[in-house]
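Architecture at a glance
Spelled out from the first residue to the last, the chains are:
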Amino acid sequence: MLPPEIELDAELRKVVTIRACCTLRLFVPIKGRPAPEVKWAREHGESLDRASIESTSSYTLLIVENVNRFDSGKYILTIENSSGSKSAFVNVRVLDTPGAPQDLKIKEVTKSSVTLTWEPPLIDGGSKIKNYIVEKRESTRKAYSTVNANCHKTSWKVDSLQEGCNYYFRVLAENEYGIGLPVETSESIKVSERPLPPGKITLLDVTSNSVSLSWEKPEHDGGSRILGYIVEMQSKGSEKWSTCATVKVTEATITGLIQGEEYTFRVSAQNEKGISDPRQLGIPVVAKDLVIPPAFKLLFTTFSVLAGEDLKVDVPFVGRPKPAVFWHKDDIALKQTTRVNAESSENNTVLTIKEACNKRLISELRYRVTGLIENHDYEYRVSAENAAGLSEPSPPSIYYKACDPIYKPGPPNNPKVVDVTRSSVFLSWGKPIYDGGSEIQGYIVEKCDVSDGEWAICTPPTGIKNTHMEVEKLVEKHEYKFRICAVNKAGVGEHADVPGSVVVEEKMEAPDLDLDMELRKIVNVRAGGSLRLFVPIRGRPTPEVKWGKMDGDIREAAIIDTTIKWEKAEGRISERTQIEVTSSYTMLVIDNVNRFDSGRYNLTLENNSGKKSAFVNVRVLDTPSAPINLTIREVKKDFVTLAWEPPLIDGGAKITNYVVEKRESTRKAYATVTNNCTKNSFKVTQLQEGCSYYFRVLAVNEYGVGLPAETPDPVKVSEPPSPPAKVILVDVTRNSASIKWEKPESDGGSKITGYIVEMQTKGSIKWSACTQVKTLEATITGLSMGEEYSFRVIAVNEKGKSDPRELGVPVIAKDIEIQPSAELLFNTFTVKAGDDLKIDVPFRGRPLPTVSWKKDGNPLKETTRVNIHTSKTSTSLSIKEASNEDLGHYELRLSNTAGSTTASLTVVVLDRPGPPTDPKIMDSTRSNITIGWTKPLFDGGAPVTGYTVEYKKTDETDWTTAIQNLRGTEYTISGLVSGSEYVFRVKSINKIGVSEPSDVSEPQMAKEREEEPAFDIDSEMRKTLIVKAGGSFTMTVPFRGKPVPNVTWNKPDTDLRIRASIDTSDSCTSLTIEKATRNDSGKYTLTLQNVLNTATLTLIVKVLDTPGPPSNIAVKDVTKESAVLSWDVPENDGGAPVRNYVIEKREASKKAWVTVTNNCHRLSYKVTGLQEGAIYYFRVSGENEYGVGAPSETKEGTKITGECY
């Protein structure tokens, strides 16, 4: 019985990396008795249906062909028999394009933009995601267009969208291997947003329990139709808004209010995207019946009217409650008559005067009085007037009743025949010139059949109101006369005869149409818009209308007229066209047009009198249709050349370029190869050899990317294979030759289906096939002894034959001698101590070679445990129950008459490791002791994985385990008894087991260890630290010492506890200064002190800053107009030499400093041009390469008289 073991190769312990479309092979040697059961699984339970698994008693092999990104992950191998089980795993990374991004969401939608967010793909294809590609597609289109091909975030704002349109969006990740799978929005997104607030709100009315409001529509509906408005109100003292009305119009009346309560109102608009911000009524409203004093809103106070004309005076007013209205004329209450009356409503009153009159000066001896009231009696008188004045009036006339004389009307005007059919006549006429003093009440039409001479009324006895009529139910081919009479209150007037007679028969008129000038040009319409072709027509009888389209379909949604027959010139009529036909016009409408609606539309009219045709050219401005005749021109192992012809429909604009895309047959998403191809062919390179691809081409014009033309079948990227690799002569006899060869460097992208072996006899130019095989070797028989032959091999795949590869030398058919050679696959063999080892070494040689084995330079002795078995083709070394004495170097020697060869190999026996060496005490405290040791000299053939530490008191016999499986070579044992003496030992551990213990350490008492203070620094730390002014610096110093020393930082003239930040632990101290200045330059002293000693370290810091103030500034040699300044160099030069000084002066009565010079290179300067008697202050600043430093100022003023104060 032998527990299962898995011998995972070193390469499989790493991450196995493989390119997409290649074949994954995981070969794992196994062992165990009985032969273990083998199980392969994926970490997350993914299916292994595509995997081919082969298992024997000594190995298992998992093969996955044509791998893709989803084959990445952890492959777990478990073997089990009755003695136990063993598991191992292999991490596989498939280098592929990424998977689809995750969790694509719509973050924000406005009227012109959509903001997308997403998460990275779960599968990155084994390479870092470089960027994302964002694409959009209108819901009415099929092709996506690129928004951003280089997005480096996981969000993107897609702007410049068409308000109100619906869009789909998708995102694809890209890595170094290409563009991955897309993630797409599941539903289309309408590009719209909430509407703007309603416009101005107006208070229309208020009562004790209601309020009426009106408002204007929002300035913008957000891209979606306004569905309604929400009116809200808020009572005074309340913070809550409550909905009081929901309406679809722009006004509302809110009822149920409490009298005397104060309310505030606001209105919000709503569309399908949501509710707008509210618009509030500017002032609060108190629910009460308003009391408004009456007031006129009269624009004019004077109204003029011609006598006999009507006058209407409309006077608006306001007032609550409704005012009573009274009219006066000349301070007398207006008397209302049938000619003068007034009518009032809630907000206006209207005075109406018919046929206005007044007293009038006339020069004739007669006058027509108008404006009288019908049936009233009137008397009249007349006064004469000259330059001296007005005469007395004449005696009044008798009373006359006001009434109009009534007469029968005259004949209707211009009666005529308008149209004639086979059973009716259409007549028209005008009103009589004379109506007889009474309104025309109607007309009577009469007809007379000439054949019998009798007149008959065609209208009702009371007549008809219209001035036209269709006289129906006439007899075809009969001759008729017509006459018409007008009727008023006085009766029927004189008739008017229609000129001539009329024969009742169908009037014939050839079809005709009026094609508008705009329709005679090319009609351009944008894709998605509506096409409307309106054509007036005429003809008798009404012509039959036919619409047709050259080389295509008219797409029909509905036929509006069901009485007129129409049809399409050729082909089927589809489902989006509306055609309306009447007797006077026809109209063709196509909504949501696209490129296929372009073309010539033919209109044909036909009746018994003839036929008329016309056409309209329509150009739909759209993206192009698909390119045509897409063909594969050339296929190689890493590229494909495509060719195509331009689209039949260019979308109404010139084709600017083409987009070429590719898609692996195992994928769903296309990746862009180029988006700027300007030719009708393209070479697609960098294809994966052996993979199958689909290709498609899309044309582009100024309106976007058109429909794709796609290869119907996948194209395998392959070619005939390269020639087989090196051809080797394996054996030759008097009548046969055996050769073998290596696989071609490239299979051309298709599986090698076989090999053809050809031979050529010496002196012949003809090659003949002598055998066909599927393996990499062949034996050619039937050769003639002594004859010389040449051989060559050809590889074959589905694309054809390779060039031949020839055997380097000709072969003579004879028995030959071959120098021995060994075919050793490995030169190191590993076996676990106690296990059996068998090493098989195939060899060849003619004649059969002799075999000898050596170990470590000495002939190998065979025993019952170690023995050798040799056959004609191999020799094997068997070792049973291997031990340390079997490890070492072995040598195999093969010899025959043709020569000899040797092969070296090494046997490693896996055993427990040797013990660690040199255990020693590293440190101690009252309760802890630290021990260290060296790795073992012998690791047992397997890495040491850990150590076991044991200890005991010197006067005890039993060992205590302190820790097991410790990885390091140092350990602190805690919890010891202070003052007791201990010894220690260590054991090594590898995967085979635990070693013997090491030598025992020296005894060590558990007590505090004392050590003088010391600094653990290198030479770099002792160099001057240079810092720029304004920067920060930190000096970190490691140290040691027991007991832990006290740490002190010092700097002359500086309290570092205030200026610096100091941090100290048991083994390290650091000092940090922020915003360094020149004053931080200098020597820093660090002192360590414990009971044993004191250690000191000096560190130097130079801060590169402007210089400090000059020292010892003094004024001397004062005259009436000058003074001499002197000073010493600054104590701190800021880390750079002071090269210049700036001198300034200030009068005591002023606050501003005036520069005397900024170019002084000495330590003194004579200031001239001073005002006698004035008092001056002076200051000097040093300047270095970092700028002008702080100034040094004279403490007292200097009076320019020669004396200093």
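So, here is what we can say about the structure in this document. Since the model is a prediction, treat every value here as computed from it, not as a measurement.

Description of the overall build of the chain
When helices and strands are tallied, the chain shows three helices and 102 strands. Computed over the C-alpha atoms, the radius of gyration of the chain is 58 Å, more than 25% above the 33 Å expected from 2.2 N^0.38 for a compact globule of 1205 residues. C-alpha extents for the chain along the principal axes are approximately 175 × 130 × 70 Å. In the chain, buried positions account for 40% of the 1205 residues. Relative to all contacts within the chain whose residues are 6 or more apart in sequence, the contacts with residues 24 or more apart total 62%. Each charge class in the chain was averaged separately, 153 positive and 160 negative side chains, and the resulting centres sit 2 Å apart.

Remarks on the sheet that holds strand 3 (residues 24-33)
One open sheet accounts for four strands, arranged 1-3-6-5; its pairing is antiparallel. At either margin of the open sheet sits one strand with a lone partner, and together these are strand 1 (2-6) and strand 5 (51-55). Strand-to-strand twist across the sheet, computed as the mean angle between neighbouring axes with direction ignored, equals 15°. Strand direction decides the pairing type here: strand 3 and strand 6 (residues 59-64), joined by six bridges, are antiparallel. Opposite Phe27, over in strand 6, you have Leu61 as the bridge partner.

Describing the pattern of salt bridges
The full count for this structure, using the stated rule, is 38 salt bridges. Residues Glu446 and Arg483 are paired through a salt bridge, measuring 2.8 Å at the closest nitrogen-oxygen approach. Pair noted here: Glu446 is in strand 38 (residues 442-449) and Arg483 is in strand 41 (residues 479-488), with a separation of 37 residues, a long-range link. Judged by its relative accessible area of 14%, Glu446 falls in the buried class. A salt bridge links Asp622 to Arg595; the nearest nitrogen and oxygen atoms lie 3.9 Å apart. Of this pair, Asp622 sits in the loop between strand 52 (610-621) and strand 53 (628-635) while Arg595 sits in the loop between strand 50 (585-590) and strand 51 (599-607); the two residues are 27 residues apart in sequence, bridging distant segments of the chain. Residues joined in a network through salt bridges with shared partners are Asp96, Glu664 and Arg667.

Considering the pairing of strand 76 (residues 874-879)
Burial within strand 76 is extensive, with five of its six residues counted as buried. Inspection of the sheet shows strand 72 (residues 837-846) paired to strand 76 by six bridges, in the antiparallel sense. For Asp840, the partnering residue across the bridge sits in strand 76 and is Ser876. In this structure, strand 75 (residues 866-870) lies alongside strand 76, joined through five bridges in antiparallel fashion. In the strand pairing of strand 76, His869 is matched with Ser876.

Thresholds, definitions, all that
- Residues numbered from 1 in each chain as written.
- Predicted model: local features only at pLDDT ≥ 70, side-chain atom pairs only at ≥ 80, totals over all residues.
- Heavy atoms only, no water.
- Helix = DSSP H or I, 4+ residues; strand = E, 2+ residues; numbered from the N terminus.
- Rg over C-alpha atoms; globule rule 2.2 N^0.38 Å.
- Buried < 20%, exposed > 50% of the residue type's maximum accessible area, 1.4 Å probe, protein only.
- Contact = heavy atoms within 4.5 Å.
- Lys, Arg positive; Asp, Glu negative; His and termini not counted.
- Charge placed at Lys NZ, Arg CZ, Asp CG, Glu CD.
- Pairing = 2+ DSSP bridges.
- Axes fitted to C-alpha atoms, helices over the stretch in contact; angles between N-to-C directions.
- Salt bridge = Lys/Arg side-chain N within 4 Å of Asp/Glu carboxyl O.

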